[in-house]
Amino acid sequence: MDGTRNGGRRLGWLLTSSAASHLGDGIGKVALPLLATTLTRDPVLIAGLSATQFLPWLLFAAVAGALVDRIDRRRAMIVANTARAAAVGVLAVLVATGGMTIWLVYLTALIIGTAETIADSAANALIPAVVGDGSLDAANSKLQACEIVGQTFLGGPVGSMTFALFAAFPFILNSAGFAIAAAVLLGLAGTYRGQAESAVRPAKLRTELADGLRWLRGHTLLLRLVVVAGLLSLVSELAQAQLVLYALEDLHLSEATFGLFAFVGGIGGLIGAGVAPRLVRAAGRRALVVGGIVCCGAGFGGMGLVRSPVAGAALFGLFAAAVVAVNVVLATARHTLVPGELLGRVLGVWRTVVWGAIPLGALLGGVLTEALGTAARTFAVSGVAMLAIAACAFAALRRFPLDDKSDSAAALLHQDPGM
């Protein structure tokens, strides 16, 4: 009982910090593209901003994961959030003084993204340690809910409306969110190292990275989940990087109402996080992964066909609910299957693939929009591609006991049934 109660308190500190961090993220992720559109309307340059934000995941995620396994994960989050607060604070000053160029926006996005690889990797690796005897499905759903509420439910509208009032305002709030996220973690007592304090001198970083990659390559189920998640990330970003152009040019929304459009996506994502544990119990994890990807495809495909802001927002909400539910299953699979001492490294490899696909997808989306003429057509292409991924996921996962409907299934999840 005490372990569960202590785990609940520790999880509360982590969730509070994550909520503040994601609120800052949400404000910035709406305000940065809006700032970019005041400097250029080139779809490739707009897509390039999204690619730049996620490029660090391709370059540094594996290294960040290895570092997270070496150092105290709570301290890593504090340092990374402090760095993000400082970078966005400088951006706010530059915007207020009229010294911004598109290339300075890119540079700021790159710095924020680099610090994010440490902060987010450490937060995810902390989950099993702070949960204790609690449910991983429930904890991951709460973490997803914090991300959704912060980034789209609150951050999106706040970012767009404050940008319309005063361009530097959202970046001041963004910086404050990261600073609060760092300060809150001071209340999380304890040491959270991936390796024991008394461990002998750690192996070389390259050796540790190789250990994580070797473990992942030897686990067929998790490897297939990485591939499915990477493909989903790639094709969804084709469209998501063009969301601001879709809203402003295809749906003819204003800059202020763009945040309200994202707000509907936040509602959908929050619903997805809330119902995911129940859907797991009712239908099983494999059905939720495949069905969720089908709904993602239906949402984006439909957005490519409609011109009504209400219908477009509702379909975006469907996509958000489905992708969040899929992410809950994938996060629980990682926490269940990966040994604690390897979690940071495996997560680093995972995010190198999954989040590293985002800049590639963003750039391809920009090129595709330029070739097709409208962002709406890019959404249609993305939706069709996700339906194809759902079919591949069904075929790739059908032999694995992802449903976890019995006590024996949990044990089977740790076995590698081979190809």
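In what follows, the structure referred to is the one given above.
Residues numbered from 1 in each chain as written. Predicted model: local features only at pLDDT ≥ 70, side-chain atom pairs only at ≥ 80, totals over all residues. Heavy atoms only, no water.

### Considering the overall build of the protein
Alright, step 1. In terms of regular secondary structure, the protein is built from 16 helices and zero strands.
Alright, step 2. Split into buried and exposed, the 419 residues of the protein put 55% on the buried side.
Alright, step 3. Considering only intrachain contacts with a sequence separation of at least 6, the fraction spanning at least 24 residues in the protein is 86%.
Alright, step 4. Roughly 16400 Å² of accessible area belongs to the protein as shown, and the carbon and sulfur atoms make up 68% of that amount. (Helix = DSSP H or I, 4+ residues; strand = E, 2+ residues; numbered from the N terminus. Buried < 20%, exposed > 50% of the residue type's maximum accessible area, 1.4 Å probe, protein only. Contact = heavy atoms within 4.5 Å. Areas by Shrake-Rupley, 256 points an atom, 1.4 Å probe, with all protein chains shown as cover.)

### Description of the nonpolar core
Alright, step 1. The biggest cluster of nonpolar side chains holds 113 residues, and the ones touching the most others in it are Phe171, Tyr246, Phe261, Ile293 and Met303.
Alright, step 2. Of the residues forming this core, the biggest block, 14 residues, is contributed by helix H12 (residues 309-337).
Alright, step 3. Residues in contact with Phe171, not counting those within four places in the same chain, are Ala31, Leu32, Leu35, Val88, Leu91, Ala92 and Val95. (Core = buried A, V, L, I, M, F, W, Y, C linked by side-chain atoms within 4.5 Å.)

### Here's the deal with unusual backbone geometry
Working note: non-glycine residues mostly have negative phi, and peptide bonds are mostly trans.
Alright, step 1. Phi at His252 takes a positive value of approximately 60 degrees, unusual for a residue other than glycine.
Alright, step 2. Looking at the element boundaries, His252 is found in the loop between helix H9 (243-250) and helix H10 (255-283).
Alright, step 3. What makes His252 exposed here is its relative accessible area of 66%.

### Observations regarding helix H4 (residues 102-131)
One turn of an α-helix holds 3.6 residues; hence residues three or four places apart share an orientation.
Alright, step 1. The terminal C-alpha atoms of H4, which comprises 30 residues, lie 42 Å apart, in line with the 44 Å expected from a rise of 1.5 Å per residue.
Alright, step 2. Along H4, the largest kink reaches about 30 degrees and is centred on Ala125; proline Pro128 follows within four residues of it.
Alright, step 3. Here H4 lies mainly inside the structure; 21 of its 30 residues are buried. (Expected span 1.5 Å × (residues − 1). Bend = angle between axes of the 7 residues up to and from the residue.)

### Quick look at the environment of Ser21
Alright, step 1. Summarising the element assignment, Ser21 is placed in helix H1 (residues 2-37).
Alright, step 2. Judged by its relative accessible area of 6%, Ser21 falls in the buried class.
Alright, step 3. Taking the C-alpha atoms as reference, Ser21 lies 9.6 Å from Arg84; in sequence the two are 63 residues apart.
Alright, step 4. Here Ser21 is in contact with Asn81, Arg84, Gly177, Phe178 and Ala181, once residues within four sequence places are set aside.

### Overview of the packing of helix H11 (residues 285-303) against H12
Alright, step 1. One can describe the packing of H11 onto H12 by two numbers: an axis separation of 8 Å at closest approach and a directional angle of 155 degrees. If you check the angle between H11 and H12, you find them roughly antiparallel. Both H11 and H12 take part in a crossing whose hand is left-handed. Contacts between H11 and H12 pair Arg285, Leu288, Val289, Gly292, Ile293, Cys295, Cys296, Ala298, Gly299, Phe300, Gly302 and Met303 from the former with Gly312, Leu315, Phe316, Leu318, Phe319, Ala322, Val323, Ala325, Val326, Val329 and Thr332 from the latter.
Alright, step 2. A class-by-class count of the residues in the contact of H11 with H12 yields 17 nonpolar, five polar and one charged. (Axes fitted to C-alpha atoms, helices over the stretch in contact; angles between N-to-C directions. Parallel < 35°, antiparallel > 145°, perpendicular 65-115°, else oblique. Left-handed = near helix turned anticlockwise from the far one by under 90°. Nonpolar A, V, L, I, M, F, W, Y, C, P; charged D, E, K, R; others polar.)

### A short note on a nonpolar patch on the surface
Alright, step 1. Together, Leu165, Phe166, Phe169 and Ile172 give the surface a local cluster of nonpolar side chains, amounting to about 420 Å² of exposed area.
Alright, step 2. Residue placement: Leu165 occurs in helix H5 (residues 136-165). (Patch = residues over 30% accessible without salt bridge, like charges linked within 9 Å, V, L, I, M, F, W, Y side chains within 5 Å. Salt bridge = Lys/Arg side-chain N within 4 Å of Asp/Glu carboxyl O.)

### Details of the pattern of salt bridges
Alright, step 1. According to the stated counting rule, one finds four salt bridges in the structure shown.
Alright, step 2. Arg84 is paired through a salt bridge with Asp25; the nearest N and O atoms lie 3.5 Å apart. Here the residue Arg84 occupies a position in helix H3 (residues 73-96), and Asp25 occupies one in helix H1, the gap between them amounting to 59 residues. A single burial state applies to Arg84 and to Asp25, both of which are buried.
Alright, step 3. In this structure, Arg73 and Asp69 form a salt bridge, with 2.7 Å as the shortest nitrogen-oxygen distance.

### A short note on H12
Alright, step 1. Helix length check: H12, at 29 residues, gives a terminal C-alpha distance of 42 Å against a target of 42 Å (1.5 Å per residue), a fit within 8%.
Alright, step 2. Burial runs high along H12: 22 of the 29 residues are buried.

### Some words on the packing of aromatic side chains
Alright, step 1. Applying the stated rule across the entire model yields five aromatic pairs.
Alright, step 2. Taking 5.4 Å as the distance between ring centres and 65 degrees as the angle between the ring planes, the aromatic pair formed by Trp103 and Tyr106 counts as edge-to-face. You can see Trp103 and its partner Tyr106 sitting in helix H4, three residues apart, about one turn around the helix.
Alright, step 3. Residue classification places Trp103 among the exposed residues on the basis of a relative accessible area of 56%.
Alright, step 4. In this structure an aromatic cluster arises from ring pairing among Tyr246, Phe300, Phe316, Phe319 and Phe379.
Alright, step 5. Seen from the ring of Trp350, Arg334 lies directly overhead, with NZ or CZ sitting 4.8 Å from the centre. (Phe/Tyr/Trp six-rings, centres within 6.5 Å; stacked < 30°, edge-to-face > 60°. Lys NZ or Arg CZ within 6 Å of the ring centre and 35° of its normal.)

### Some thoughts on the side chain of Thr369
Alright, step 1. Within the secondary structure, Thr369 sits in helix H14 (residues 357-372).
Alright, step 2. Looking at Thr369, its side chain comes within polar contact range of the side chain of Gln242, at 3.3 Å. (Polar contact = N/O pair within 3.5 Å; in protein donor to acceptor, adjacent residues only side chain to side chain.)

### Section: the side chain of Thr162
Alright, step 1. Following the sequence through the fold, Thr162 ends up in helix H5.
Alright, step 2. Of note is the side chain of Thr162, whose polar atom sits 3.3 Å from the backbone oxygen of Gly159.
Alright, step 3. Setting aside residues up to four positions removed in sequence, Thr162 forms contacts with Phe169, Pro170 and Leu173.

### Quick word on empty space enclosed by the protein
Alright, step 1. Tallied over the entire structure, the rule returns two cavities of 30 Å³ or more.
Alright, step 2. Here the second largest cavity is characterised by a volume of approximately 100 Å³.
Alright, step 3. What lines the second largest cavity is Gly24, Asp25, Gly28, Lys29, Leu32, Gln53, Ala109, Ile112, Gly113, Glu116, Asn174 and Phe178.
Alright, step 4. Elements represented by at least two residues in the lining of the second largest cavity include exactly H1, H4 and helix H6 (169-184).
Alright, step 5. Here the lining of the second largest cavity takes five residues from H1, the largest share from any one element.
Alright, step 6. When the residues that make up the lining of the second largest cavity are grouped by side-chain class, the tally is four nonpolar, five polar and three charged. (1 Å grid on protein atoms, 1.4 Å probe; cavity = no way out; pocket = protein on both sides within 12 Å on 5 of 7 lines; lining within 4 Å. Points joined across faces, edges and corners; volume = space filled by probe spheres on them.)

No statement about biological role is implied by the geometric values presented.
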